[in-house]
Amino acid sequence: MALRRSYTATVERNVIWKGEFASEPYEAAWASEAIFFVRALDASHDFAGTAHVQISADGIHWVDEGTSFDLPANKDQVTFCKVTHFGGFLRICGETHFNSSITVLVSLALKE
């Protein structure tokens, strides 16, 4: 039995999302599964926002993968989403609601 390879990458750190946003893309073609973790380092009062996963073959042209999730609403809260069967590149994008903002730490855990 072979040991599965894994790697965790920080794709956003101390980044403020307000309105429409997209995380930095990450090349993950070797992995068979991924989990995005989004931690709120700070959030405006009554924060609300959603994110969804996008995939890409080249890291330039993006399509929605179909997975979406609510962003954390309070400081130090963490949310996540799981993804399988993706192309070469992954990112999350979305929109904050009601002119609110959030400062995030986004990690991408990949496993072969």
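Residues numbered from 1 in each chain as written. Predicted model: local features only at pLDDT ≥ 70, side-chain atom pairs only at ≥ 80, totals over all residues. Heavy atoms only, no water.

**Here we look at the overall build of the chain**
Working step 1: Looking only at helices and strands, one finds zero helices and nine strands in the chain.
Working step 2: Considered along the principal axes of its C-alpha atoms, the chain spans approximately 50 × 30 × 20 Å.
Working step 3: Taken across its 112 residues, the chain has 39% of its residues classed as buried.
Working step 4: Restricting the contact set of the chain to residue pairs at least 6 apart, pairs at least 24 apart contribute 80%.
Working step 5: In the structure as shown, the chain presents an accessible area of about 6500 Å², 50% of it carried by carbon and sulfur atoms. (Helix = DSSP H or I, 4+ residues; strand = E, 2+ residues; numbered from the N terminus. Buried < 20%, exposed > 50% of the residue type's maximum accessible area, 1.4 Å probe, protein only. Contact = heavy atoms within 4.5 Å. Areas by Shrake-Rupley, 256 points an atom, 1.4 Å probe, with all protein chains shown as cover.)

**Overview of the environment of Trp17**
Working step 1: Position of Trp17 among the secondary structure elements: in strand S1 (residues 6-18).
Working step 2: The exposure class of Trp17 is buried, given its relative accessible area of 3%.
Working step 3: Considering only alpha carbons, one finds Trp17 and Val38, 21 residues apart in sequence, at a separation of 12 Å.

**Some points on the side chain of Arg91**
Working step 1: Note on placement: Arg91 falls in strand S8 (residues 89-96).
Working step 2: Despite its burial, Arg91 remains without a salt bridge, the nearest opposite charge being carried by Asp64 at 7.2 Å.
Working step 3: A polar side-chain atom of Arg91 sits 2.7 Å from a polar atom in the side chain of Gln54.
Working step 4: Those residues in contact with Arg91 that lie beyond four places of it in its chain are Ala22, Ser23, Glu24, Pro25, Phe36, His52, Val53, Gln54 and Trp62. (Lys, Arg positive; Asp, Glu negative; His and termini not counted. Salt bridge = Lys/Arg side-chain N within 4 Å of Asp/Glu carboxyl O. Polar contact = N/O pair within 3.5 Å; in protein donor to acceptor, adjacent residues only side chain to side chain.)

**Focus on the sheet that holds strand S4 (residues 33-43)**
Working step 1: What the four strands build is an open sheet, ordered S1-S9-S4-S7; its pairing is antiparallel. Looking at the sheet topology across the chains shown, the edges are occupied by S1 and strand S7 (78-84). Along the sheet, successive strands turn relative to each other by an average axial angle of 20 degrees, direction set aside.
Working step 2: Where S1 and strand S9 (residues 101-111) come together, 11 bridges link them in antiparallel fashion. By the bridge assignment for S9, Tyr7 is matched with Leu110. (Pairing = 2+ DSSP bridges. Axes fitted to C-alpha atoms, helices over the stretch in contact; angles between N-to-C directions.)

**Regarding the packing of aromatic side chains**
Working step 1: Across all of its chains, the model carries two aromatic pairs by this definition.
Working step 2: Their ring planes at 10 degrees and their centres at 3.9 Å tell us that Trp17 and Phe21 sit as a pair that is stacked.
Working step 3: Plain terms: the ring middles of Phe37 and Phe80 are 6.2 Å apart, the flat faces sit at 40 degrees to each other, and that makes the pair tilted. You can see Phe37 sitting in strand S4 and its partner Phe80 sitting in strand S7, a full 43 residues away along the chain.
Working step 4: According to the relative accessible area criterion, Phe37 is partly exposed, its value standing at 33%.
Working step 5: Relative accessible area serves as the criterion here: at 46%, Phe80 is assigned to the partly exposed category.
Working step 6: Its end group placed over the ring of Trp30, Arg5 keeps NZ or CZ at 4.3 Å from the ring centre. (Phe/Tyr/Trp six-rings, centres within 6.5 Å; stacked < 30°, edge-to-face > 60°. Lys NZ or Arg CZ within 6 Å of the ring centre and 35° of its normal.)

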